[in-house]
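Residue-level listing of the chains:
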Amino acid sequence: MAYGFRPYSGAGGSYNSGGFDRFEIDVAAQDTIEKNIWNGDPVRIETDSGKVVRNTTAVSSSAPMLGIFVGCEYKDANGEKKFSNHYPTSASNTEAYAFVATNPNQLFKVSGTQASAVFPTVTIGQIQPVVFADGDNANGNSGVTINLEGAEADDAAFRILGVVADGTNEVGSNTAFDVYGVFNPLAMYYGSNDQGLV
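1. Thoughts on the overall build of the protein chain
Reasoning step 1: What the protein chain contains, in helices and strands, is 1 helix and 13 strands.
Reasoning step 2: In the protein chain, the succession of helices and strands from N to C terminus is β-β-α-β-β-β-β-β-β-β-β-β-β-β.
Reasoning step 3: Considering the protein chain as a whole, with its 198 residues, one finds that 45% of them fall into the buried category.
Reasoning step 4: Residue pairs at least 24 apart in sequence account for 68% of intrachain contacts in the protein chain once pairs closer than 6 positions are excluded.
Reasoning step 5: As displayed, the protein chain has an accessible area near 9,200 Å², and 48% of this comes from carbon and sulfur atoms.

2. Regarding the pairing of strand β13 (residues 176-183)
Reasoning step 1: In terms of strand pairing, strand β8 (residues 106-113) meets β13 through 7 bridges, oriented antiparallel. Counted as the bridge partner of Gly112 is Phe177 from β13.
Reasoning step 2: With 5 bridges joining them, strand β12 (residues 158-163) and β13 adopt antiparallel strand pairing. Residue pairing for β13: Gly162 is matched across the bridge by Tyr180.

Thresholds applied
- Residues numbered from 1 in each chain as written.
- Predicted model: local features only at pLDDT ≥ 70, side-chain atom pairs only at ≥ 80, totals over all residues.
- Heavy atoms only, no water.
- Helix = DSSP H or I, 4+ residues; strand = E, 2+ residues; numbered from the N terminus.
- Buried < 20%, exposed > 50% of the residue type's maximum accessible area, 1.4 Å probe, protein only.
- Contact = heavy atoms within 4.5 Å.
- Areas by Shrake-Rupley, 256 points an atom, 1.4 Å probe, with all protein chains shown as cover.
- Pairing = 2+ DSSP bridges.

What follows is the structure in structure tokens.
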């Protein structure tokens, strides 16, 4: 089952806070995209406004992402302040802010899909692309996954470091496996010197 990217752990031995940063959402641009931002979605900086919108195209060094959306606050059409795990896109929203996991050393888990019912261990260490899909408005979770049989690319988004071991996931006979890994620094604003942020 798809759920997007979820913070899993921190890479290395540094302190893990599970923290996030707060960024203003580009309400008008997001309304033009006509998609909600779901919990676990990659988000990016809109070039014209410098504000956050949902990623809708492949994440790479030429189209880097800011981080993973983990929630938001906004005022609805009635001026009532809302907190939510996903952002319901509307041109009537105001004072909208996204909470984004931006640490390039953060490990994430995500559902990986393939045709075979056996986990492809060859993918461990590979950098694979993100597969975009709409999320679930009922629970707010993202529909984004990783293609475990995708074509590896040096500037793709996500390096797979292992399969989540819970006694079932790693030994199951299915075509979807929860995997964990880290985003390619070249595909992130905070990890790419080309973006001038580090």
